[in-house]
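In case you want the letters, here they are:
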Amino acid sequence: MKVLLVDDEHELVSTLAERLSFRGIQADWATNGEEAMRLTEKNTYDVAVLDVKIPRISGLELKRRLHAKIPAMKFIFMTGHGSEDEFRNCSAETGEGCYLVKPVNIEDLIRKMNELMNASEVRP
Amino acid sequence: MTVWEKFKPKFWDYVDAAAGPFAHLFNFRRIWKLAVLLTAGVALVPLVAITAIDYQVTQKSIESEIALRTSRLVSNTRRAVSFFLAERRSALDFIVRDNSFADLNDPERLQAILQNLKSTFGGFTDLGVIDPLGYQRIYAGPYRLEGVDYSEQAWYREVLERGIYISDVFPGFRQVPHLIIAVKHEVGSGAHFVLRATLDTERFNHLISHPEVAGGGDAFLINREGKLQTPSLSHGRVLDTISLPVPASSPNTELIETEDGQGQLNAVGYAYVEDTPFILMIVKNKKELMKPWYKTRLQLMGFLAASITIILVVILGVATYLVNNIYLADQKRLTMLHQVEYSNKMATIGRLAAGVAHEINNPLAVINEKAGLIKDLFSMREECARDEKLMNTINAVLSSVERCAKITRRLLSFMRNSGVTIQRINLGETIHEVLAFLSKEAEYRSFHISVHVDEDVPQITSDQGRLQEILLNVINNSFAAMQDGGHLEVTVRRHKEHLVSVTVKDDGCGIPKADLERVFEPFFSTRTGKGGTGLGLSITSGLVQELGGDISVDSEVGKGTSFTLTLPIQTEKKEKPSNEGSLGR
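Because the structure is a prediction, the values reported are computed rather than measured.

Would you explain the overall build of chain A in this entry?
Scanning chain A from terminus to terminus reveals five helices and five strands. Listed by position from the N terminus, the elements making up chain A come as β-α-β-α-β-α-β-α-β-α. Residues classed as buried in chain A amount to 41% of the 124 residues present. Partitioning the contacts of chain A with sequence separation of at least 6, the portion at a separation of at least 24 is 59%.

Honestly, the interface of chain B and chain A in this entry has me stumped. Any pointers?
Interface extent is often summarised as the accessible area lost during association of the parts. With 20 residues of chain B in contact, the opposing surface of chain A contributes 20 residues. Contributing elements (two or more residues each) for the side of chain B that touches chain A: helix H8 (291-380) and helix H10 (388-416) of chain B. Counting residues per element, the side of chain B that touches chain A draws most heavily on H8(B), which supplies 13 residues.

What am I meant to see in the confidence of the model for chain B here?
Detailed reading of the predicted coordinates is not advisable wherever pLDDT falls low. Residues and elements named next belong to chain B. With 91% of its residues at a pLDDT of 70 or more, chain B shows a mean pLDDT of 83. Confidence drops under pLDDT 50 across residues 574-585; counting only partners more than four residues distant or on other chains, this segment forms 23 contacts. Overall fold confidence for the complex sits at a pTM of 0.51, while the interface term, ipTM, reaches 0.88.

Mind showing me how you'd approach the sheet that holds strand S3 (residues 47-51) of chain A here?
Strands pair in a sheet through their backbones, by hydrogen bonds, and they do so in one of two ways: parallel or antiparallel. All names here are of chain A. One open sheet holds the five strands; their spatial order is S2-S1-S3-S4-S5, and the pairing between them is parallel. One side of each edge strand has no neighbouring strand; the edge strands of this open sheet are strand S2 (26-30) and strand S5 (99-101). Sheet twist, expressed as the mean angle between neighbouring strand axes with direction ignored, is 20°. As paired elements, strand S4 (residues 74-79) and S5 share three bridges and run parallel to each other. Following the sheet pairing, methionine 78 is matched in S5 by leucine 100. Against the sheet, helix H3 (residues 59-69) engages strand S1 (2-6), S3 and S4, with an angle of about 160° to S3.

It is not clear to me how helix H1 (residues 10-22) of chain A should be interpreted in this structure. Could you clarify?
Because the α-helix completes a turn every 3.6 residues, residues three or four places apart line up on one side. Residues and elements named next belong to chain A. Taking 1.5 Å per residue, 13 residues should reach 18 Å; H1 reaches 19 Å between its end C-alpha atoms and fits that length. All of the buried residues in H1 are Leu12, Val13, Thr15, Leu16, Arg19 and Leu20. Two residues or fewer after H1 comes glycine 24, characterised by a positive phi angle close to 80°.

In this structure, what is going on with the pairing of strand S5 (residues 191-200) of chain B? I would like to understand it.
All names here are of chain B. Counting buried positions over the ten residues of S5 gives seven, a clear majority of the element. Pairing between strand S1 (residues 124-130) and S5: six bridges, direction antiparallel. For leucine 127, the partnering residue across the bridge sits in S5 and is alanine 197. Pairing analysis gives ten bridges linking strand S4 (residues 178-188) to S5, with the strands arranged antiparallel. Its bridge partner lying in S5, alanine 182 is registered against arginine 196. Two successive antiparallel strands, S4 and S5, enclose a turn made up of two residues, where serine 189 displays a positive phi of approximately 50°.

Even after reading the chapter, I still don't get the environment of A:Lys69, so can you show me in this structure?
Position of A:Lys69 among the secondary structure elements: in helix H3. When the C-alpha atoms of A:Lys69 and A:Glu41 are compared, they prove to be 9.7 Å apart, with 28 residues separating the residues in sequence.

I keep staring at the sheet that holds strand S8 (residues 265-272) of chain B and nothing clicks. Help me out?
Residues and elements named next belong to chain B. As summarised here, the arrangement of the four strands in space is S6-S9-S8-S7, forming an open sheet in which the pairing is antiparallel. On the outer flanks of this sheet lie strand S6 (217-222) and strand S7 (254-259), each paired with one strand and no other. Sheet twist, expressed as the mean angle between neighbouring strand axes with direction ignored, is 25°. In terms of strand pairing, S7 meets S8 through six bridges, oriented antiparallel. From the neighbouring strand, threonine 258 faces S8, where its bridge partner is asparagine 266. Strands in contact with helix H2 (residues 28-98) are S6, S7, S8 and strand S9 (279-285); relative to S8, the strand with the most contacts, it is inclined by about 35°.

I would appreciate a short explanation of the nonpolar core in the present structure.
If you look at soluble globular proteins, the nonpolar side chains tend to sit buried side by side. Counting 54 residues, the largest nonpolar core has B:Leu110, B:Leu127, B:Ala182, B:Leu195, B:Ile279, B:Leu280 and B:Met281 as its most contacted members. Dropping the residues within four chain positions of it, B:Leu110 is found in contact with B:Leu104, B:Leu127, B:Val129, B:Ile138 and B:Ala140. Core analysis: the second largest hydrophobic core is formed by 39 residues, A:Leu5, A:Val6, A:Val52 and A:Ile54 among them.

Would you mind going over the pairing of S8(B) with me for this structure?
Strand residues, when the strand is regular, have side chains that alternate between the two faces of the sheet. Residue and element names in this part refer to chain B. For S8, a buried count of seven out of eight residues is recorded, marking the element as mostly surrounded by other parts of the structure. Here S8 runs beside S9; their pairing, made up of seven bridges, is antiparallel. Of the residues in S9, the one forming a bridge with tyrosine 270 is methionine 281. Hairpin geometry of S8 and S9 is characterised by an intervening segment of six residues between the two adjacent antiparallel strands and by a positive phi of about 60° at aspartate 275.

I would appreciate a short explanation of unusual backbone geometry in the present structure.
Peptide bonds are mostly trans, and most non-glycine residues show a negative phi. Note that the residue after A:Lys102, namely A:Pro103, is joined by a cis bond; omega there is -10°. Note on placement: A:Pro103 falls in the loop between S5 and helix H5 (106-122). With a phi angle near 65°, A:Arg56 is a residue other than glycine that sits in the positive phi range. Here A:Arg56 shows up in the loop between S3 and H3. Given 10 C-beta atoms within a 10 Å radius, A:Arg56 is considered exposed. A positive phi angle, close to 50°, is found at B:Ser446, a residue other than glycine. Within the secondary structure, B:Ser446 sits in the loop between helix H12 (439-444) and strand S11 (448-453).

Mind showing me how you'd approach the packing of helix H13 (residues 464-481) of chain B against helix H15 (residues 536-546) of chain B here?
Helix-helix packing is described using two parameters, namely the angle between the two axes and the distance between the axes. Residues and elements named next belong to chain B. Contact geometry for H13 and H15: axes closest at 10 Å, N-to-C directions at 150°. Along this stretch, H13 crosses H15, giving a crossing that reads as left-handed. Facing H13, whose interface residues are Arg466, Glu469, Ile470, Asn473, Val474 and Asn477, H15 presents Gly536, Leu537, Thr540, Leu543, Val544 and Glu546. The residue inventory of the contact of H13 with H15, partitioned by class, reads five nonpolar, four polar and three charged.

Cut-off values and rules
- Residues numbered from 1 in each chain as written.
- Chains lettered and ligands numbered in written order.
- Predicted model: local features only at pLDDT ≥ 70, side-chain atom pairs only at ≥ 80, totals over all residues.
- Helix = DSSP H or I, 4+ residues; strand = E, 2+ residues; numbered from the N terminus.
- Buried ≥ 20, exposed ≤ 12 C-beta atoms within 10 Å, placed from the backbone.
- Contact = placed C-beta atoms within 7 Å.
- pLDDT = per-residue confidence, 0-100.
- Pairing = 2+ DSSP bridges.
- Axes fitted to C-alpha atoms, helices over the stretch in contact; angles between N-to-C directions.
- Expected span 1.5 Å × (residues − 1).
- Core = buried A, V, L, I, M, F, W, Y, C linked by C-beta atoms within 7 Å.
- Left-handed = near helix turned anticlockwise from the far one by under 90°.
- Nonpolar A, V, L, I, M, F, W, Y, C, P; charged D, E, K, R; others polar.

Right under this line is the structure:
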């Protein structure tokens with residue numbers, strides 16, 4: 001499983017990527033939308049973990065662009081805000097339960113990613 | 001409690017201190033007074049005016065009818081009296097013209113004439129012929145009066161002067177009232193004689209006692225001195241002086257009102273009978289005469305009083321009802337206004353809290369990851385993984401992060417729910433969520449809090465945010481009343497088929513009975529000096545109503561208070577007021 005992490009908090013994504021790698025999950029990270037788009041040029045990812053609020057391109061917009069580019073990609077939103085509107089919009093984009101409020105327990109995140117992967121494998 | 005206090009409408013003592021320059025718009029007592037005065041004025045003035053006019057007109061018409069009848073009676077009777085006397089005078093005139101002095105000088109002749117007069121006219125007692133020197137030459141009658149000298153008597157001088165004399169009534173020798181008629185006859189060349197007749201007054205009396213006068217009235221003749229000439233019913237016997245004053249001389253029939261000796265008001269009609277000393281008087285008791293008018297007047301007044309009473313009762317009732325409704329509407333408006341204000345405040349606090357939570361969540365996430373990384377790294381090195389102190393330290397950091405995360409998450413979820421959304425709610429969870437917010441205060445003040453949810457309580461559909469706000473307000477309210485170490489019980493029960501009840505019972509200071517029914521009124525507070533606005537419970541009550549529920553309170557001073565919320569299991573989704581669209585987002 002290859003994961004793309006996007007969050008404007010550099011310390012957060014870099015550390016998270018490192019910790020995921022300790023758990024056998026290959027993770028690349030970007031701190032903004034453009035960077036993320038560039039990374040997808042070179043690599044393919046199974047799951048993208050996106051912050052809702054990132055500079056210039058919003059998390060939702062980025063999700064749409066990535067989805068257009070790689071339809072098979074799964075998405076998890078990660079947010080510090082958790083307002084009702086955001087919750088509703090993100091749930092509408094990705095489906096129930098793919099909306100995690102920071103700080104996220106790494107085990108929960110891995111479980112969620114595995115769930116998504118398994119679900120896509122089951123589906124033809 | 002006086003009767004007034006019992007019936008005093010609610011708006012009576014209401015003063016809207018916050019209304020400022022528009023206070024007059026909310027002076028309900030003034031509005032009420034204005035409404036009552038204006039309506040009462042418009043309704044009563046014409047009624048009273050019409051009644052007064054009718055009163056006057058009716059009284060006048062009755063009085064004038066009485067006057068007319070009296071005056072007609074007086075003039076008819078006078079004519080009769082006048083005619084009666086003129087008839088007798090004419091008879092005497094005829095006698096002196098028909099008979100010469102010489103003829104009359106014959107006693108037998110005079111006796112015959114007297115006899116004829118008695119049998120034709122009746123009432124003649126005697127006849128006498130007086131010669132130019134004033135001596136009664138011949139006399140026919142029961143007495144022996146020949147040769148009496150009348151020359152010095154006033155009546156004789158009058159008859160010489162005027163040719164006719166009619167006397168006052170006098171008792172006569174047999175104490176029977178009589179009167180005298182005397183006529184002078186010029187024989188020519190200055191010679192003359194006088195014929196004198198005495199009449200008894202029985203027929204005269206008969207003439208006066210008119211049947212119509214009988215009812216409550218009295219008709220009689222008096223002379224110029226006020227002495228009765230004919231018998232009266234209530235003013236004395238013949239020749240008594242009447243108690244009424246002698247009326248002023250007048251050629252016509254006159255009507256006056258006088259008071260008699262007993263202070264009774266009398267309507268008096270009188271007329272001077274021409275060429276006689278007589279005044280005809282008809283005296284009627286005014287009270288007796290006005291009796292039909294008094295009856296009419298009583299009916300009129302009764303009708304007026306009844307009308308005024310009914311009008312006033314209706315006006316007072318309607319004005320009180322309407323002003324009270326305006327007052328209630330205004331109270332509703334005020335509550336709504338404050339609710340909006342409060343909601344906006346809550347929304348602002350919500351946004352602020354959400355912002356703070358967000359700002360904290362980000363660095364918290366970094367700490368979480370960094371600490372997690374340290375732990376990961378330590379776990380990979382054996383000497384570190386075995387170092388218990390090191391692992392405990394890092395675990396403590398991680399669990400603190402977890403605690404912080406819980407707090408911000410709770411805050412966020414609380415604010416997330418402040419919009420109006422109807423969803424399925426587990427009441428027990430909601431209560432615990434609210435209590436968690438207040439757990440620090442409860443801990444510091446050592447409150448004992450117990451929550452009991454009956455097993456048969458179903459999930460309800462309601463608005464989570466509202467419900468949290470309601471519970472928060474009620475529980476906060478209880479906390480404020482409780483002593484440190486107090487007990488709070490929250491009980492959830494199924495109530496009837498489609499309701500659940502949440503009872504929040506504390507053992508705080510309680511609410512006095514007098515205040516109990518006012519606790520849900522806006523601005524009612526016993527803690528105004530201590531930061532209470534008096535709005536909490538009124539807004540809570542408004543919110544409960546919005547959810548289709550009901551809130552009631554039961555309290556005993558010193559023992560505690562219990563608030564009971566009754567909520568429907570199913571809540572219809574209501575249209576949201578526009579101002580609430582931005583709540584907590």
